[in-house]
Each structure stands twice: as C-alpha cells, then as structure tokens.
Amino acid sequence: MSDNNPIQNPSLTLSDVIFIIFLICILVFLGWSGSLAYSEGMKTETTKHNGETWASWLTEAGAERFNENYAINECAPIAHSSDDIKTSRTWGECLKAITTTPAPLAALTNPFFNTPIGFVNKCNRGDQSLIGSMVLEKLTPTPVGSTLPFTISQLVESDGIDQKIQIRITVCDNGAYPIFIADVEF
C-alpha cells in the first residue's frame, strides 16, 4: 500500500515558531499576573489580620484595663482623688504606649509600604497613599428612641479614655476601599 500524501517538510515553519513563541509569552504573562495577584491578595489579608489583631487586643485590654495594676499604665484610667489635677487619660497617651517598642502592637506594619501602620480619618479610593492604613472611629451612643443607635466620630488623641468607649476598626485595602473589621469596647 502506498501513501498518497507523503510529508514534504517535517521541520517547523516560521508561522509555527511564531505561534509557539506567542504561547510561551502568554504562559509567562499568566504566571506573572497570577503571582502579582497572589502577592496583592496576601498584602490585603495581612492588612485585615492587622485590624483583627488590633480588635483582639483592644477587646482584651478593654476587659482588663480597669483592674488595679494594669500593665500599660497609659491605657488605665486615673484613680481619682481630691489632689488629682489631671482628670483623664487620653487616647493619644495610650496609642503612643501601645505602638512603640516593646509594646504588643508595635511590630505590626503596613504590608504595602513596609512602614508602621498609619491611622487615617477615612479610606478614600482616590488616594493610593492610604492603602494598608487603619481607621479608628469612636461610637457614641445616642439617647434611647433615636433613629440612629450611635454617632460616629474620629477617635482623636485628645479623647478621654477613663470610661469605656466603643471603637470601630476599619482598614483600607489595596484600592484604598474600606474593609470593616469590628466594633469593640475599650
């Protein structure tokens, strides 16, 4: 039996080589974009973990800080006596104490910039410098019967912390969009 269709040229043609190079380039691009997406996703997950760590620490500290001999003096309320001149500790004092070394939250960093976590007023998708930042807001209860259960304001350094306060924790993702973490009592 004879073959009526013999192979004339078994080598690759120019179009075959271009097609193979194109496929290799596509595979390299897919690998690179997948790696980049994974890296950005891990940074976002680390940012969320930072927020969850803050929520956990604030919840635990909120339960313990009214006990005598609380370890972080700047976050404990001042024992009032008739001789006290200063009447309240502030959030700024406590924040400084818990974010400087060797404090428990000092080691947390913004994974997008490898810098200490920054605190901002709000996440704004138009401002890429905010990615990986944290938003701490004070929730103030409103009177019974109000349409809103609480008002939200920025937690500022001058806010007193001698009473329990509600804090909302939000982080900014890789597009500077807000990611709600938790409402905690501190």
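The structure this text deals with has already been given above.
Residues numbered from 1 in each chain as written. Predicted model: local features only at pLDDT ≥ 70, side-chain atom pairs only at ≥ 80, totals over all residues. Heavy atoms only, no water.

For the rest of this paragraph, the subject is the pattern of salt bridges. Close approach of charged atoms allows side chains of opposite charge to pair. For the structure on display, the rule yields 4 salt bridges. Here D159 makes a salt bridge to K138, at a shortest N to O gap of 3.3 Å. Taken together, the residues span a long stretch of sequence, with D159 in the loop between β4 (150-154) and β5 (166-172) and K138 in strand β3 (residues 134-141) at a distance of 21 residues. (Salt bridge = Lys/Arg side-chain N within 4 Å of Asp/Glu carboxyl O. Helix = DSSP H or I, 4+ residues; strand = E, 2+ residues; numbered from the N terminus.)

Its location among the elements puts C94 in helix α2 (residues 91-99). By relative accessible area, C94 is classed as buried at 0%. Measuring from C-alpha to C-alpha, the distance between C94 and I72 comes to 8.0 Å, with 22 residues separating the pair along the chain. Sequence-distant contacts of C94, defined by excluding residues within four places in its chain, comprise E74, C75, I161 and F186. (Buried < 20%, exposed > 50% of the residue type's maximum accessible area, 1.4 Å probe, protein only. Contact = heavy atoms within 4.5 Å.)

Bringing helix α1 (residues 14-64) into the picture now. Here α1 contains 51 residues, and its C-alpha end-to-end distance of 75 Å stays within 8% of the 75 Å for a straight helix at 1.5 Å per residue. Within α1, burial applies to T44, T47, N50, G51, W54, A55, W57, L58, A61 and G62. Along its buried surface, α1 packs onto α2, β1 (109-110), β3, β5 and β6 (178-185). (Expected span 1.5 Å × (residues − 1).)

This part takes up the environment of I117. Structurally, the position occupied by I117 is in the loop between β2 (115-116) and β3. Once residues lying within four places of it in the same chain are set aside, the contact partners of I117 are N50, W54, L108, T109, N110 and M134.

Right, let's get into the packing of α1 against α2. Close contact between α1 and α2 brings their axes to 14 Å; oriented N to C, the two are set at 120 degrees. Both α1 and α2 take part in a crossing whose hand is right-handed. Here W54, W57 and L58 of α1 lie close against α2, whose contacting residues are W91, L95, I98 and T99. Here the contact of α1 with α2 is composed, by residue class, of 6 nonpolar, 1 polar and no charged. (Axes fitted to C-alpha atoms, helices over the stretch in contact; angles between N-to-C directions. Left-handed = near helix turned anticlockwise from the far one by under 90°. Nonpolar A, V, L, I, M, F, W, Y, C, P; charged D, E, K, R; others polar.)

A sheet is described by the order of its strands in space; here 4 strands give the open sequence β4-β3-β5-β6, paired in antiparallel fashion. Every interior strand has two partners, whereas the edge strands, β4 and β6, have only one. Going from strand to strand, the sheet's axes swing by 30 degrees on average, the running direction of each strand aside. As paired elements, β3 and β5 share 6 bridges and run antiparallel to each other. By the bridge assignment, K138 is partnered in β5 with I167. Across the sheet, α1 is in contact with β3, β5 and β6; its angle to β6 comes to roughly 10 degrees. (Pairing = 2+ DSSP bridges.)

The next point concerns the state of the cysteines. What is meant by a disulfide is a covalent connection between two cysteines, made through their sulfur atoms. With the rule as written, the count across this model stands at 2 disulfides. The side chain of C123 participates in a disulfide bridge whose partner is C172; the two sulfur atoms lie 2.0 Å from each other. Between C123 and C172 the disulfide shows an S-S torsion of about -95 degrees. By sign, it is left-handed. With a gap of 49 residues between them, C123 in the loop between β2 and β3 and C172 in strand β5 connect regions that are remote in the sequence. Both residues of the pair, C123 and C172, belong to the buried class. (Disulfide = S-S within 2.5 Å.)

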